[in-house]
Amino acid sequence: MLTMPASLTIYVATQPVDFRKGAEGLALLAKETLGHDPMKGVAVVFRAKRPDRVKIVVWDGTGLAMYWKRLDGSGFKWPPIVAGVMRMNAAQLSALLAGMDWTRMHAPRIPQPKALA
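Residues numbered from 1 in each chain as written. Predicted model: local features only at pLDDT ≥ 70, side-chain atom pairs only at ≥ 80, totals over all residues. Heavy atoms only, no water.

1. Digging into the packing of aromatic side chains
By the definition in use, this model includes one aromatic pair. A ring pair is formed by Phe76 and Trp78, whose centres lie 5.8 Å apart and whose planes are at 70°; its orientation type is edge-to-face. Using a relative accessible area of 5% as the deciding quantity, one classes Phe76 as buried. Judged by its relative accessible area of 12%, Trp78 is buried. Lys55 extends its terminal NZ or CZ atom over the ring of Phe19, reaching a point 4.9 Å from the ring centre. (Phe/Tyr/Trp six-rings, centres within 6.5 Å; stacked < 30°, edge-to-face > 60°. Buried < 20%, exposed > 50% of the residue type's maximum accessible area, 1.4 Å probe, protein only. Lys NZ or Arg CZ within 6 Å of the ring centre and 35° of its normal.)

2. Some words on the confidence of the model for the protein
With 95% of its residues at a pLDDT of 70 or more, the protein has an overall mean of 88. At the level of individual helices and strands, the protein shows its lowest average pLDDT in helix α2 (residues 90–97), which scores 89, and its highest in strand β3 (residues 53–59), which scores 95. (pLDDT = per-residue confidence, 0-100. Helix = DSSP H or I, 4+ residues; strand = E, 2+ residues; numbered from the N terminus.)

3. Details of α2
Of all eight residues in α2, six are buried, a share of seventy percent or more. Buried residues in α2 make contact with β1 (9–13), β2 (42–47), β3, β4 (64–70) and β5 (85–88). Among the residues of α2, the N-terminal cap falls to Asn89, whose side-chain oxygen and the backbone nitrogen of Ala91 are separated by 3.1 Å. Two residues or fewer after α2 comes Gly99, characterised by a positive phi angle close to 85°. (Contact = heavy atoms within 4.5 Å. Polar contact = N/O pair within 3.5 Å; in protein donor to acceptor, adjacent residues only side chain to side chain.)

4. Thoughts on helix α1 (residues 23–34)
Spanning twelve residues, α1 covers 15 Å between terminal C-alpha atoms, matching the ideal 16 Å at 1.5 Å per step. Residues of α1 that are buried: Ala23, Leu26, Ala27 and Ala30. The arc enclosing the buried residues of α1, seen along the axis, measures out at 105°, which places them on a common side. Of the exposed residues in α1, the ones pointing more than 90 degrees away from its buried face are Glu24, Glu32 and Thr33. Looking at the buried side of α1, the elements it contacts are β2, β3 and β4. (Expected span 1.5 Å × (residues − 1). Arc of directions from axis to C-beta.)

5. Observations regarding the pairing of β3
Among the seven residues that make up β3, five are buried, leaving the element largely enclosed by the rest of the structure. As paired strands, β2 and β3 are joined by four bridges and run antiparallel to one another. When the bridges of β3 are listed, Val44 appears paired with Val57. What sits between the antiparallel neighbours β2 and β3 is a turn of five residues. Taken together, the seven bridges between β3 and β4 define a ladder with antiparallel strand orientation. In the sheet register, Arg53 faces β4, and the bridge partner there is Arg70. Linking β3 back to β4 in an antiparallel pair, the connection comprises four residues, with Gly61 at a positive phi of about 105°. (Pairing = 2+ DSSP bridges.)

6. Overview of the pattern of salt bridges
Under the criterion given, the structure shown has four salt bridges. A salt bridge links Asp52 to Arg50, with the nearest nitrogen and oxygen atoms 4.0 Å apart. With its nearest N and O atoms 3.1 Å apart, the salt bridge here joins Asp72 to Arg70. Relative accessible area serves as the criterion here: at 42%, Arg70 is assigned to the partly exposed category. Overlapping salt bridges bring together Arg50, Asp52 and Arg53 as one network. (Salt bridge = Lys/Arg side-chain N within 4 Å of Asp/Glu carboxyl O.)

Printed below as a string of structure tokens:
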């Protein structure tokens, strides 16, 4: 199981990519095409043309890591295929990787404190 820190910034490439690419190829694609460099402390989630596959590229502090998963029996719940990226939090990513509907997970709204006096 992959556990991402809650503070990690996570981006999802909404268009499918060539899954023959490895970690370096996907990191370069993220940097040059999407504008988000995994070497700078962000995780980038990629989808294949088939909805049951995902790859995640992230710098873990010691090296470039790639997580690959194929979901058996069903597909992941992906955002619509459009140009660009979308942002996701760690809880939503965990739900996506579990095959759940991550769109139902939202960060709690924390009210702003009122001024004293």
